[in-house]
Amino acid sequence: MLSTFAVSSRRALLSGVLAACLVADMSAAHAGDATQKVTDDRGVEVEIPAHPKRIASISFFADDVALALGIKPVASTYMVAGRPPEFLLGLTGDMVQVGQRAKPNLELLSEAKPDLIVAIRRYTVGNAPQLEKIAPYVAWNMELLDGSDKEIEALAKILGQPERGVELNRDFRAHLAEVAAKAPKDKHPRYAIMWGGEVPFAFHDENTSASIVNAIGGENIAGAMTPGGEFGVDLSLETMLEKDPEVLFIYDYGPDRPHENNPIWKELTAVKNDRVFYVGDQWVETNGPIAREIVLREAAHYLYPDVFPKVDVKAEAARLIPAELQK
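Residues numbered from 1 in each chain as written. Predicted model: local features only at pLDDT ≥ 70, side-chain atom pairs only at ≥ 80, totals over all residues. Heavy atoms only, no water.

Asker: Help me understand the pattern of salt bridges in this model?
Answerer: Note on pairing: side chains with opposite charge can pair once their charged atoms come close. If you walk through the whole model with that rule in mind, you get 18 salt bridges. One salt bridge connects R101 with E285, and the closest N-O pair in it is separated by 3.1 Å. Taken together, the residues span a long stretch of sequence, with R101 in the loop between β5 (96-100) and α3 (106-111) and E285 in the loop between β13 (276-279) and α11 (289-303) at a distance of 184 residues. E285 shares its class with R101; the two are buried. Measuring nitrogen to oxygen at the nearest pair gives 3.5 Å for the salt bridge that ties R257 to D252. Linked by salt bridges that have partners in common, D146, D149, R173 and R292 make up one network. (Salt bridge = Lys/Arg side-chain N within 4 Å of Asp/Glu carboxyl O. Helix = DSSP H or I, 4+ residues; strand = E, 2+ residues; numbered from the N terminus. Buried < 20%, exposed > 50% of the residue type's maximum accessible area, 1.4 Å probe, protein only.)

Asker: Explain the packing of α11 against helix α12 (residues 313-320) to me, please; I cannot follow it from the model alone.
Answerer: Working note: a packed helix pair is described by the angle between its axes plus the distance between those axes. Interaxial distance between α11 and α12 falls to 10 Å at its minimum, and their mutual angle equals 140°. On the basis of the axis angle, α11 is oblique to α12. Of the two elements, α11 crosses α12, and the hand of that crossing is right-handed. Mapping the contact onto sequence places I290, E293, I294, R297 and E298 in α11 and V313, E316, A317, R319 and L320 in α12. Along the lines of polarity and charge, the residues of the contact of α11 with α12 split into five nonpolar, no polar and five charged. (Axes fitted to C-alpha atoms, helices over the stretch in contact; angles between N-to-C directions. Parallel < 35°, antiparallel > 145°, perpendicular 65-115°, else oblique. Left-handed = near helix turned anticlockwise from the far one by under 90°. Contact = heavy atoms within 4.5 Å. Nonpolar A, V, L, I, M, F, W, Y, C, P; charged D, E, K, R; others polar.)

Asker: What should I look at first to understand the packing of helix α6 (residues 145-158) against helix α7 (residues 162-182) in this one?
Answerer: At their nearest, the axes of α6 and α7 sit 6 Å apart, and the two run at 155° to each other. Put simply, α6 runs roughly antiparallel to α7. In this structure, α6 meets α7 at a crossing whose hand is right-handed. Contact with α6, carried on its side by L145, D146, S148, D149, I152, E153, A156 and K157, involves P162, G165, V166, L168, N169, F172, R173 and L176 of α7 and no other residues of that element.

Asker: What should I look at first to understand the nonpolar core in this one?
Answerer: Counting 39 residues, the largest nonpolar core has F61, F87, V118, W140, L155, I158 and I290 as the members making the most contacts within it. Those elements that provide at least two residues to this core are β2 (45-49), α2 (61-68), β6 (116-120), β7 (137-140), α6, α11 and α12. Ranked by residues supplied to this core, first place goes to α2 with six residues. In contact with I290, not counting residues within four places along its chain, are D64, L67, A68, F87, L88, L320 and I321. Counting 26 residues, the second largest nonpolar core, distinct from the first, contains V179, A210, F249 and L303. (Core = buried A, V, L, I, M, F, W, Y, C linked by side-chain atoms within 4.5 Å.)

Asker: Any chance you could explain the sheet that holds β6 here in plain terms?
Answerer: Think of a sheet as strands paired side by side through backbone hydrogen bonds, with each pair either parallel or antiparallel. Spatially, five strands are ordered β5-β4-β3-β6-β7 in an open sheet, and the strand pairing comes out parallel. At either margin of the open sheet sits one strand with a lone partner, and together these are β5 and β7. On average, each strand axis in the sheet is tilted by 20° relative to the strand beside it, whichever way the strands run. Pairing between strand β4 (residues 75-78) and β5: three bridges, direction parallel. Across the sheet, the residue bridging to S76 is Q97, located in β5. Its contacts with the sheet put α2 on β3 (55-58), β4, β6 and β7, and the angle it makes with β3 is roughly 135°. Packed on one face of the sheet, α6 meets β6 and β7 and runs near 160° to β7. (Pairing = 2+ DSSP bridges.)

Asker: I keep staring at the pairing of strand β8 (residues 190-195) and nothing clicks. Help me out?
Answerer: For a regular strand, side chains alternate in direction, first toward one face of the sheet and then toward the other. Relative to strand β10 (residues 219-220), β8 runs parallel, the two being bridged by two bridges. Pairing of Y191 across the sheet is with N220, part of β10. Sheet topology note: the β8/strand β12 (residues 247-251) ladder contains five bridges and is parallel. Bridge assignment links W195 to a residue of β12, and that residue is Y251. Pairing of β8 with strand β9 (residues 201-203) involves two bridges; the strand directions are antiparallel. Bridged to W195 within β9 is F201. As consecutive antiparallel partners, β8 and β9 are separated by five residues, and within that stretch G197 has a phi angle of approximately 150°, a positive value.

What follows is the structure in structure tokens.
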């Protein structure tokens, strides 16, 4: 038989073990319920999970940042249906598709059961209440190059990798400075970054892609924004002929290219010299770390083909996205 002392000792030991288990369970539960607060570009303070696991991206920005961090979102919008972006290795095609970025399908978004929605502000601020019913929702402007630094660091912090966000920005800024230093100082090619159409829409200097091209010596025929104006401007082909761009970057939205049917089109210097480039989604969705790095490399080659090599978009993307996500 056990002595009274032994019985008491065993009871004390068991009580200690049970107490420790209870504390561990409570700590785990508390950790699971933990949240963090983020103030987005709407000026709204949003309470989100401390460790979000199921990210939905309205625009490619959150896809871009998350993939660079080794995280795969569960849902994404698209720019063109059925065409996952090459600069993200087509990985968004494996995610739940929740519609075009300007018109996300809230029912499909809800079915994806996200615990965090990261969105482009201008397309979602109007239906914020509906989005907030699905999951915590943060929105950034995603328009300016300086804004991209802030947005990348903010989302990397949310996703638990603040140091990596800082590193991505530091590496890009160093590469941008390196390309600018290597670019010819006596050449400033006139260019436009535009959506095609009967009347093309060109981005102003402040746009992220244009800021990158300007930083390496390009001269944007669309110029700077007027105070309080839009981030782009309609440029008739008559105006384009007057401004005479030497290089044109046109977002490839598909086979319909009505601008090419205008007789003036063939008179443009860029067209005559075969320097019209139909570019991918990264030129419109440029604020993520993968997109802006590829835009920098492509812009350098297109402006100065004798100085910078042609870019293999998929190869560059594969270098920036961890190998375990590419399987």
